[in-house]
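Results of the structural survey
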Number of protein chains: 2
Amino acid sequence: LVAARRSQLVLGLDPDPARLWPEALARVSGIQNPPNDNAQVAAALAAQAVQAHCSLVIDAVAEHCVAVKLQLACFERLGVSGWRALTAVIAHAQRADLLVIADAKRGDIDVSAAAYAQAFFGHTNTPWGEVHGLGVDALTVNPLLGLDSLAPLVGAARGVGAGLFVLVRTSNPGATDLQDQPLRDGGTVSDRLARLVAQLGPAGGELSDVGAVVGATAPGRLAALRKSMPRAVFLLPGVGAQGGRVEDLAPAFEPGPAGGLIAVSRGLVYAHERDGGEPSMAAANEAERLREMAWGLVR
Amino acid sequence: LVAARRSQLVLGLDPDPARLWPEALARVSGIQNPPNDNAQVAAALAAQAVQAHCSLVIDAVAEHCVAVKLQLACFERLGVSGWRALTAVIAHAQRADLLVIADAKRGDIDVSAAAYAQAFFGHTNTPWGEVHGLGVDALTVNPLLGLDSLAPLVGAARGVGAGLFVLVRTSNPGATDLQDQPLRDGGTVSDRLARLVAQLGPAGGELSDVGAVVGATAPGRLAALRKSMPRAVFLLPGVGAQGGRVEDLAPAFEPGPAGGLIAVSRGLVYAHERDGGEPSMAAANEAERLREMAWGLVR
């Protein structure tokens, strides 16, 4: 998909119900048989608006992107209605020929990791038949619990042609608190995580189905992490609002054009606040600008 | 609550739709206006059964426990219906006078952590009014992203009298892959996490609202971690199916009876498979046995 679209751009969707595109608000049609509970009505209407907003943003930038990255927290805070909107947004992204990355940062012991694998990649057997999971193409995962916590997710993803992005070096300032700590045996915590990621990859192939989240805000580490994970796809958040710059990301693309995926959220969705114009047009223009800049980094 | 009930026992609920109490299956009443989609019907019926199962288990053991710990993965795998069941189980536990711990192991950058705080502790402002979060009493969180990722959760929890349990040393074998790694400056990754937990606690008071998940499967580390976190409540999973033993947990209770909470899931829910008898009676008997054993550790 990266080669076909000449794009490594991922649309990040972190919808805030208080800051949606005006056109999304206009699309809220109300709900049938509203419950007596005002907060439930608010949740249902807000989720409708969030769903409309995400669909509008997807439609605006899809041709310049290869994937969407959905921040699960923003859907979970709307409860049952939010999970319904999440399902609908995934379906809309798939219809727009975008891959879907669930940015959920899950991580738990083996039996619970297997349940998360069912939720995101697989299905759950019940006495009433199979219940389908979300069916996403990739999931961000947290490796603090170690290899046995990742194994069920790797297996489930691989079984359906999906993949993982393991947190290795995140984009926030607090990444220094733990991830940058030097280990007695050499390297940092992130370096060790990078080795675990490399270890989890399949035996052959060009790019691995176990990728890594590497923040665009610490470009100085990119080259070293690329050396430890020669075949991992890097998911690179932090461009724009968090201070990362596309032009610093070249080492990510060493294994080829699809070696790095650049996730941009606020920089696209709120481009009109900086550049003026209609939200959809401003987002499309900014997406095309970033796509072209990233593609220019591929040697 | 610990003092009033003379109990440090937490009921862990990790409901598997293929392994529910028979009485729960009998309570599934069907759904009105079933959708055409078979998988959605299965999800709705399975979620009904999961909700009935969790309610039955809660009713069986509530008097011996102080809290329930809900494994979010087990609800997420049932999608929208699962989130609805989660909400209902939380309400049922609250009616049974149990505290509610969401075992979600969330962790993300500041803006997303704030959204998770809204989902679990707070509310979300929307143009249609406030949407309520789950309203739990505590949340398990993953500290890999550092202090700035925990701060919004600490603030939100503290604001409503709730708390956090930060992963410090988990109960699974893979905990050795990262958490047990020695740092160059001394101590292990877990030791450093323990210091972060102590740092996040409030200035005064006896027990902190920032607790720690410390697996019951590595009792040798308990005393050292207690020294680093003198006021943290330890949430202790891993007793029973994972091999941990109540009698090894004494250091957890040094700050007082509520210094440690022992989470038992399969050991209670499937007690009848080992001990015979009705599931509810076997669970109640095992809960009372574990409660008494733990209470006996308090000096």
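Everything in this summary refers to the structure shown in the same document. Owing to the predicted nature of the structure, the values given are computational and were not obtained by experimental measurement. (Residues numbered from 1 in each chain as written. Chains lettered and ligands numbered in written order. Predicted model: local features only at pLDDT ≥ 70, side-chain atom pairs only at ≥ 80, totals over all residues. Heavy atoms only, no water.)

Residue and element names in this part refer to chain A. Mapped onto the elements of the fold, I31 is located in the loop between α2 (22-26) and α3 (38-61). Taking the relative accessible area as the measure of exposure, I31 reaches 26% and is therefore partly exposed. Not counting the four nearest positions on each side in its chain, I31 is found in contact with V41, A44, L45 and Q48. (Helix = DSSP H or I, 4+ residues; strand = E, 2+ residues; numbered from the N terminus. Buried < 20%, exposed > 50% of the residue type's maximum accessible area, 1.4 Å probe, protein only. Contact = heavy atoms within 4.5 Å.)

Mapping chain A onto chain B leaves a residual RMSD of 0.0 Å; the transformation is a rotation of 180° accompanied by 0.0 Å of translation along its axis. On this basis, the relationship between the two copies can be described by a two-fold rotation axis. When the interface residues of chain A are mapped onto chain B, 100% of them again lie at the interface, so the same face is used by both copies. (Least-squares fit on C-alpha atoms with pLDDT ≥ 70 in both.)

A few words now on the pairing of strand β3 (residues 99-106) of chain B. Along any regular strand the residues' side chains alternate between the sheet's two faces. Residues and elements named next belong to chain B. Burial of β3 is extensive: seven of the eight residues sit out of reach of the surface. Bridging between strand β2 (residues 67-71) and β3 involves five bridges; their strand directions are parallel. When the sheet's bridge partners are listed, Q71 is paired in β3 with D103. Note that β3 and strand β6 (residues 138-141) share three bridges and pair parallel. By the bridge assignment for β6, A102 is matched with L139. (Pairing = 2+ DSSP bridges.)

Turning next to the interface of chain A and chain B. Every contact between the two is made by 74 residues of chain A and, on the other side, 74 residues of chain B. Of the roughly 6,000 Å² buried between chain A and chain B, counting both surfaces, carbon and sulfur atoms make up 63%. Considering only the surface of chain A that becomes buried against chain B, R77, W128 and L144 of chain A emerge as the three largest contributors, covering 13% of it. Taken together, chain A and chain B are joined by four salt bridges. Across the chain A-chain B interface, the total number found is 27 residue pairs in polar contact (both at pLDDT 80 or more). With seven residues, helix α6 (residues 110-120) of chain A is the single largest residue contributor to the side of chain A that touches chain B. Along the lines of polarity and charge, the residues of the side of chain A that touches chain B split into 39 nonpolar, 21 polar and 14 charged. (Buried area = accessible area lost by both parts, 1.4 Å probe. Salt bridge = Lys/Arg side-chain N within 4 Å of Asp/Glu carboxyl O. Polar contact = N/O pair within 3.5 Å; in protein donor to acceptor, adjacent residues only side chain to side chain. Nonpolar A, V, L, I, M, F, W, Y, C, P; charged D, E, K, R; others polar.)

This brings us to the pairing of strand β1 (residues 9-13) of chain B. All names here are of chain B. The buried fraction of β1 amounts to five of the five residues, a majority that puts the element mostly inside the structure. The side-chain alternation of β1 yields two buried faces, one formed by L9, L11 and L13 and the other by V10 and G12. Relative to strand β10 (residues 260-264), β1 is paired through three bridges, and the arrangement is parallel. Within β10, the position partnered with V10 by the bridge is A263. Both β1 and β2 contribute to a ladder of four bridges, which runs parallel. When the sheet's bridge partners are listed, G12 is paired in β2 with K69.

Moving on, we come to the sheet that holds strand β1 (residues 9-13) of chain A. Strand pairing in a sheet relies on backbone hydrogen bonds. The paired strands run either parallel or antiparallel. All names here are of chain A. Taken in spatial order, the eight strands close into a barrel running β1-β2-β3-β6-β7-β8-β9-β10, and their pairing is parallel. Geometrically, the sheet is characterised by an average inter-axis angle of 30° between neighbouring strands, direction not taken into account. The pairing of strand β7 (residues 163-169) with strand β8 (residues 210-214) spans five bridges and is classified as parallel. Counted as the bridge partner of L167 is V213 from β8. (Axes fitted to C-alpha atoms, helices over the stretch in contact; angles between N-to-C directions.)

Our next topic: helix α5 (residues 79-95) of chain A. Between the first and last C-alpha of α5 of chain A there are 25 Å, a value that for 17 residues agrees with the 24 Å anticipated at 1.5 Å per step. Looking one or two places after α5 of chain A, you find D97 of chain A, whose phi comes out positive at around 60°. (Expected span 1.5 Å × (residues − 1).)

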